[in-house]
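Observations on the model geometry
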Amino acid sequence: MSGNNISEPTSQMENEWIQQAINKENWTMVSDFILLGFHDLYSFKGILILGLLLIYLLTVTGNLMIIMLVTFCQSLDSPMYFFLGHLSTCDLLLTTVIVPLMLDTIVREVTITFVGCFAQFYLFGSLAATECFILSIMSYDRYLAICRPLHYSSVMNLKRCVHLAFWCWILAFMLMLLTSIQIGRLQFCGPNVIDHFFCDLAPLLQLSCSDTSFVEAENLIGGLPATVLPLAFITATYIIIFHTILRIPSSTGKQKAFYTCSSHLTVVCVYYGTLIVAYLFLSKGHSLSLNKILSLLYTVLTPLLNPIIYSFRSKEIKRALSKFLRVI
């Protein structure tokens, strides 16, 4: 009796190990993913390619212009424009990570390797988080300039600006690395078709045959310091800024103070507005076509609008651009 009792569990355990081994062999079958892109808008392929290519070229040109002006024009040698240069660099890299591959998906059915897919997801997420941190640092800069003008020069010196910008990039890439590692541990046993134009989190989790609850929870927790906390910091900072501006006795002083932070506030509203709208709709289970269109808001539209907003609303950039064009 005792011998039979021992052998039966042992045999059952062996069967489980064999089944696990078979499953692992199946999991390793997925070595790449197929991006469908805008296959459901095939009849508008020509218009899509032309429009997105034009937007991409304008985005690259606009952000490169901001980076060059901030780097070479002495009139823009201030902390606000130093951080603006980093913001434009972030926008330039973010749109380059997404748009070229997106254009390729419109032309044909694109196959991307397992490593390439996760590299794109990691870079996109890291750059999006970097932009959130940079925007929060820029709000702190405006707070010091308006609310603590006597301490501005001593606090926002070059060394402090370099340190703040450095940690914006490092923290964003470190936070995103945690989520990427967890996703890399998931098993994908097929299908391998992603009905999207880039490797985003939601379609990747849908394809996994592993339990994704831990990854979803980790991504939610990791998203707090990367997106929610910077937004809360920006909101609190501008409440103090507006309170300070309203206490300025002269109307001219109020207008000047509002003008110095209007460009940054507009960029913040555009960036977080598109993120909130997109992810609120994405979480409601709308059609895939609508999800793709909403994803275009923060992957294509925002990087284009940022340099346009600063170019039209900043007199210093207008003057620097005019001088730069005369030199050329």
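Along each chain, numbering runs from 1 in the same order as the chain's sequence is written. At least 70 in pLDDT is required for a residue's local features to be given in this predicted model, at least 80 for side-chain atom pairs to be given and counted, and no such filter applies to totals for whole chains, interfaces and linings, which use all residues. Heavy atoms from the whole structure form the basis of all side-chain values; hydrogens and water molecules are not counted.

**Describing a nonpolar patch on the surface**
In this analysis, a patch consists of residues with relative accessible area above 30% that form no salt bridge, clustered at 9 Å for like charges and at 5 Å for the nonpolar side chains Val, Leu, Ile, Met, Phe, Trp and Tyr. Computed by Shrake-Rupley with a 1.4 Å probe, the accessible areas treat only the displayed protein chains as cover when residues are assessed. Salt-bridge detection follows one rule: a side-chain nitrogen of Lys or Arg within 4 Å of a carboxyl oxygen of Asp or Glu. A contiguous nonpolar patch, built from Phe 166, Trp 167, Leu 171 and Met 174 and spanning about 430 Å² of accessible area, is present on the exposed surface. Tracing the backbone shows Met 174 in helix H6 (residues 158-184). We count a stretch as a helix when DSSP gives it H or I for four or more residues in a row; a strand needs E for two or more, and each element gets its number in order from the N terminus.

**A few points about the pairing of strand S2 (residues 110-113)**
A 1.4 Å probe rolled over the protein chains alone gives each residue an accessible area, and that area as a share of the maximum for its type sets the label: buried under 20%, exposed over 50%, partly exposed in between. Burial along S2 is one-sided: the face carrying Val 110 and Ile 112 is buried and the face carrying Thr 111 and Thr 113 is not. When DSSP finds two or more bridges between two strands, those strands count as paired. As paired elements, strand S1 (residues 32-35) and S2 share 4 bridges and run antiparallel to each other. Bridge pairing in S2 places Leu 35 opposite Val 110.

**Quick notes on the packing of H6 against helix H8 (residues 213-246)**
Note on definitions: angles span 0 to 180 degrees between N-to-C directions of axes, and those axes are lines fitted to C-alpha atoms, for helices only across the stretch in contact. Here H6 crosses H8 at 170°, and the two axes come no closer than 9 Å. It follows that H6 is roughly antiparallel to H8 by the angle criterion. Across the interface between the two elements, Leu 175, Leu 178, Thr 179, Gln 182 and Ile 183 from H6 touch Phe 214, Val 215, Glu 218, Asn 219, Pro 225 and Ala 226 from H8. Residue type decides the class: Asp, Glu, Lys and Arg count as charged, Ala, Val, Leu, Ile, Met, Phe, Trp, Tyr, Cys and Pro as nonpolar, and the leftover types, Gly among them, as polar. Counted by class, the contact of H6 with H8 contains 7 nonpolar, 3 polar and 1 charged residues. Small angles under 35 degrees read as roughly parallel and large ones over 145 as roughly antiparallel, with 65 to 115 read as roughly perpendicular and the rest as oblique. Every residue pair with non-hydrogen atoms within 4.5 Å of one another is taken to be in contact.

**Details of the nonpolar core**
Soluble globular proteins tend to pack their nonpolar side chains together in the buried interior. Think of a nonpolar core as a cluster: buried Ala, Val, Leu, Ile, Met, Phe, Trp, Tyr and Cys residues, connected wherever their side-chain atoms sit within 4.5 Å. Counting residues in hydrophobic clusters, the biggest one holds 70 residues, and the most contacted among them are Leu 76, Leu 84, Met 102, Leu 135, Met 138, Ile 241 and Ile 317. With sequence-adjacent residues up to four places away left out, Leu 84 is seen in contact with Ile 66, Met 138, Tyr 310 and Ile 317. Of all hydrophobic cores here, the second largest spans 21 residues; its members include Ile 112, Phe 121, Ile 183 and Leu 207.

**Thoughts on the layout of surface pockets**
We place a 1 Å grid over just the protein atoms. Points where a 1.4 Å probe fits but has no way out form a cavity, open points with protein on both sides within 12 Å along at least 5 of 7 lines form a pocket, and any residue with an atom within 4 Å of a point lines it. Grid points are joined across faces, edges and corners, and a volume is the space filled by probe spheres set on the points. Volume-wise, the second largest pocket comes out at about 300 Å³. Looking at the second largest pocket, it is lined by 16 residues, and the ones nearest its centre are Met 80, Tyr 81, Tyr 259, Thr 260 and Glu 316. Where the lining of the second largest pocket is concerned, the elements lending two or more residues are helix H3 (79-107), helix H9 (251-282), helix H10 (288-313) and helix H11 (315-327). Of the residues belonging to the lining of the second largest pocket, the class tally is 4 nonpolar, 6 polar and 6 charged.

**What to know about the sheet that holds strand S3 (residues 193-194)**
Here we have 3 strands laid out as an open sheet, ordered S2-S1-S3, and mixed in their pairing. Strand pairing shows two members of the sheet lacking a second neighbour, S2 and S3, which therefore form its edges. Pairing between S1 and S3: 2 bridges, direction parallel. Its bridge partner being in S3, Leu 35 is matched across the sheet by Ile 194.

**Concerning the UniProt feature "transmembrane region" (unreviewed entry) in the protein**
UniProt positions are given in the numbering used here, feature names are shortened, and annotations may be inferred rather than shown by experiment. Under the local residue numbering, the UniProt record ascribes the feature "transmembrane region" (unreviewed entry) to residues 47-73, 80-101, 121-140, 161-183, 228-246, 258-281 and 293-312. The span residues 47-73 shows a helical share of 96% and a strand share of 0%, and its end C-alpha atoms are spaced 38 Å apart. Strand forms 0% of residues 80-101 and helix 100%; the C-alpha atoms that close the span are 33 Å apart.

**Focus: the state of the cysteines**
Disulfide assignment relies on a single distance test, namely cysteine sulfur atoms paired within 2.5 Å. For the structure on display, the rule yields 2 disulfides. There is a disulfide in this structure between Cys 117 and Cys 199, and the S-S distance comes to 2.0 Å. Every disulfide takes its handedness from the sign of the S-S torsion; for Cys 117 and Cys 199 that torsion is -125°, giving left-handed. Of this pair, Cys 117 sits in helix H4 (residues 114-147) while Cys 199 sits in the loop between S3 and helix H7 (201-207); the two residues are 82 residues apart in sequence, bridging distant segments of the chain. Like Cys 199, Cys 117 is buried. Two residues, Cys 189 and Cys 209, share a disulfide whose sulfurs are 2.2 Å apart. With a gap of 20 residues between them, Cys 189 in the loop between H6 and S3 and Cys 209 in the loop between H7 and H8 connect regions that are remote in the sequence.

**Observations regarding the packing of H4 against H6**
In the contact formed by H4 and H6, the axes pass within 8 Å of each other and the chain directions differ by 145°. In the packing of H4 onto H6, the handedness of the crossing is right-handed. Its residues placed into classes, the contact of H4 with H6 shows 19 nonpolar, 6 polar and no charged. Left-handed describes a crossing whose near helix is turned anticlockwise from the far helix by less than a right angle; the clockwise case is right-handed.

**What to know about the packing of aromatic side chains**
Pairing of aromatic rings covers Phe, Tyr and the six-membered ring of Trp, with a centre-to-centre limit of 6.5 Å; geometry is then stacked below 30 degrees between planes, edge-to-face above 60, and tilted otherwise. With the rule as written, the count across this model stands at 18 aromatic pairs. The interplanar angle of 85° and the centroid separation of 5.5 Å between the aromatic rings of Phe 33 and Phe 188 together place this pair among those described as edge-to-face. Taken together, the residues Phe 33 in strand S1 and Phe 188 in the loop between H6 and S3 connect sequence positions 155 residues apart. The exposure classification of Phe 33 matches that of Phe 188, with both residues buried. Taken together, a centroid distance of 5.9 Å and an interplanar angle of 75° make the contact between Phe 114 and Phe 188 edge-to-face. Here the residue Phe 114 occupies a position in helix H4, and Phe 188 occupies one in the loop between H6 and S3, the gap between them amounting to 74 residues.

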